[in-house]
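Each chain, letter by letter, is given below.
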Amino acid sequence: METKKQSNFRKNMKIKNIFRAGVLAMVALVGINSCDTEVENETIQDLYTYDAQYFENLRAWKNTDHEISYVYYAAWAPLEGQEGYKDPASWGERFRGLPDSLDIVNLWMGIPTPETHPVAYDDMVYCQDVLGTRFVFHGDASHHEHTFYDRTWNEATQQFEYVYDANGNHVVITEHSGNQEELESYARWAVDTVVKCRLDGVDFDYEGWNSDDMMVVAKECHKYFGPEGKWPEKMFIIDWFGGSPSNEIDQYCDWIVRQAYTWQIGFQTGTGGHDQSKLVYCDSFGGEAGEAGPRGAQICDYARWEPATGHKGGCGAYYVDFNYKDPSGIPYGEFRKAIQIMNPAIHK
């Protein structure tokens, strides 16, 4: 289910790609006419290889109490209008190309499955099983009237089952603000999606909702994802920009992510009244930042910053995609620096 925000992003990326293609064509013509015969030196970065102990240590570390890294990542998915799925040569468009030490990936642009995105799905499973990276889908709470099949939990079979009407058709629910039963059904849809698609949790985009509705969804999800739920390892996350939900929601959240759609909002460390140790502060890597886009405007500042008491939850990047071509020449160079600032590597 694609949101208006995601659709707009696809359209913008499509326009950018058309523009880039035009620029590349012009560059190619200039190159033909200039007839430069000098041999150009090329530096090819080979992939690092690691042994089994490295990956075991990496997975163990990700299960420790540390300041996490979090990204919104869209480059894995085809743009709107493109048929089929991506089988990219560029590691900038693959989950495997993301930093090994990354904790959580928000699957902006949908969910990869073996049928719809086989390459991306295999990469995701590899990152989950070998690197310990966790993947959450973007549950849209930014508007109401979502439509989905109703389902209930069957305690005897220990699984969700669809609800059918007298004619044997799926019962379709349209979720509305203030309707508790519809909101609870929406929560069950999210939980079932996480489980069926082999994901590690859901991140609800809070914008446009109210705290009462968000609490209904959180409480229902908590029956399955909380410490006493069916899948306690699954995460419940809320992200917000501008207005935030009530801090009563904190008890149900693993993480609370403060988004940054643009670098121009400046350095923001307000909590919105939430538990500081669960707050993940994001910086924008968007193209609107010019040279600061590929490099990130303030990601390392967020990584260094700590509250007066305790510690923050971590920091993240809104569209880390842009940082793959870091000016340093190191893929995701600035984001890697931020991870190292929060969690310095131990050299023996």
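What counts and how
- Residues numbered from 1 in each chain as written.
- Predicted model: local features only at pLDDT ≥ 70, side-chain atom pairs only at ≥ 80, totals over all residues.
- Heavy atoms only, no water.
- Helix = DSSP H or I, 4+ residues; strand = E, 2+ residues; numbered from the N terminus.
- Buried < 20%, exposed > 50% of the residue type's maximum accessible area, 1.4 Å probe, protein only.
- Contact = heavy atoms within 4.5 Å.
- Areas by Shrake-Rupley, 256 points an atom, 1.4 Å probe, with all protein chains shown as cover.
- Polar contact = N/O pair within 3.5 Å; in protein donor to acceptor, adjacent residues only side chain to side chain.
- Phe/Tyr/Trp six-rings, centres within 6.5 Å; stacked < 30°, edge-to-face > 60°.
- 1 Å grid on protein atoms, 1.4 Å probe; cavity = no way out; pocket = protein on both sides within 12 Å on 5 of 7 lines; lining within 4 Å.
- Points joined across faces, edges and corners; volume = space filled by probe spheres on them.
- Nonpolar A, V, L, I, M, F, W, Y, C, P; charged D, E, K, R; others polar.
- Pairing = 2+ DSSP bridges.
- Right-handed = clockwise from strand over helix to strand, strands pointing away.
- Axes fitted to C-alpha atoms, helices over the stretch in contact; angles between N-to-C directions.
- Core = buried A, V, L, I, M, F, W, Y, C linked by side-chain atoms within 4.5 Å.

## Focus on the overall build of the protein
A count of helical and extended segments in the protein gives eight helices and 12 strands. In the protein, buried positions account for 49% of the 348 residues. Partitioning the intrachain contacts of the protein with sequence separation of at least 6 by distance along the chain shows that 72% fall at a separation of at least 24. Counting every atom, the protein has about 17800 Å² of accessible surface; 51% of that belongs to carbon and sulfur.

## Considerations on the environment of D150
Tracing the sequence through the fold places D150 in the loop between strand 4 (147-149) and strand 5 (151-154). Counting along the chain gives 12 residues from D150 to Y162, while the straight-line C-alpha distance between them is 6.0 Å. Not counting residues within four places of it along the chain, the set of residues in contact with D150 comprises E161, Y162, V163, V171, I173, S185 and R188. Side-chain polar atoms of D150 contact the side chain of S185, separated by 2.7 Å.

## Comments concerning the packing of aromatic side chains
The tally for this structure, following the rule as stated, stands at 27 aromatic pairs. Taking the centre distance of 5.7 Å and the plane angle of 35° together, the rings of W76 and F95 count as tilted. Of this pair, W76 sits in the loop between strand 1 (68-72) and strand 2 (104-107) while F95 sits in the loop between strand 1 and strand 2, and the two are 19 residues apart along the sequence. For W76, a relative accessible area of 2% translates into the label buried.

## As for empty space enclosed by the protein
Enumeration according to the criterion identifies three cavities of 30 Å³ or more in this entry. Its volume calculated, the largest cavity comes out at about 50 Å³. W76, K86, P88, E93, R94, F95, H117, V119, A120 and D123 are the residues that line the largest cavity. Residues belonging to the lining of the largest cavity are distributed by class as follows: five nonpolar, one polar and four charged.

## Focus: the pairing of strand 8 (residues 201-205)
Taking burial as the measure, the five residues of strand 8 include five buried ones, the bulk of the element. Side chains G201, D203 and D205 of strand 8 all project onto a buried face; the interleaved residues V202 and F204 project onto the opposite face, where all are buried too. The pairing of strand 3 (residues 134-140) with strand 8 spans five bridges and is classified as parallel. Bridging from a neighbouring strand, D140 pairs with D205 of strand 8. With five bridges joining them, strand 8 and strand 9 (residues 235-240) adopt parallel strand pairing. The residue bridging F204 from the neighbouring strand is I238, located in strand 9. The parallel pair strand 8 and strand 9 is bridged by helix 5 (residues 211-225), and the resulting crossover is right-handed.

## Things to note about the sheet that holds strand 3
Taken in spatial order, the eight strands line up as 1-2-3-8-9-10-11-12 and close into a barrel, and their pairing is parallel. Across the sheet, the axes of successive neighbouring strands diverge by a mean angle of 25°, strand direction being ignored. Strand direction decides the pairing type here: strand 11 (residues 279-284) and strand 12 (residues 314-318), joined by five bridges, are parallel. Bridge assignment links S284 to a residue of strand 12, and that residue is Y318. Taken strand by strand, helix 4 (residues 180-196) contacts strand 3 and strand 8, and its axis lies near 155° from that of strand 3.

## Concerning unusual backbone geometry
A positive phi angle is found at E145, which is not glycine, with a value near 70°. With phi around 70°, Y319 is a residue other than glycine that occupies positive phi space. If you trace the backbone, Y319 turns up in the loop between strand 12 and helix 8 (333-342). Assessed through its relative accessible area of 5%, Y319 is described here as buried.

## Observations concerning the nonpolar core
In summary, soluble globular proteins display a tendency toward joint burial of nonpolar side chains. Counting 88 residues, the largest nonpolar core has Y73, F95, F204 and M214 as the members making the most contacts within it. Ranked by the residues each element gives to this core, the list is headed by helix 5, at eight residues. Residues contacting F204, with those up to four places away along its chain left out, are G139, A141, Y186, A190, M214, V217, C221, F236, I237, I238 and D239.

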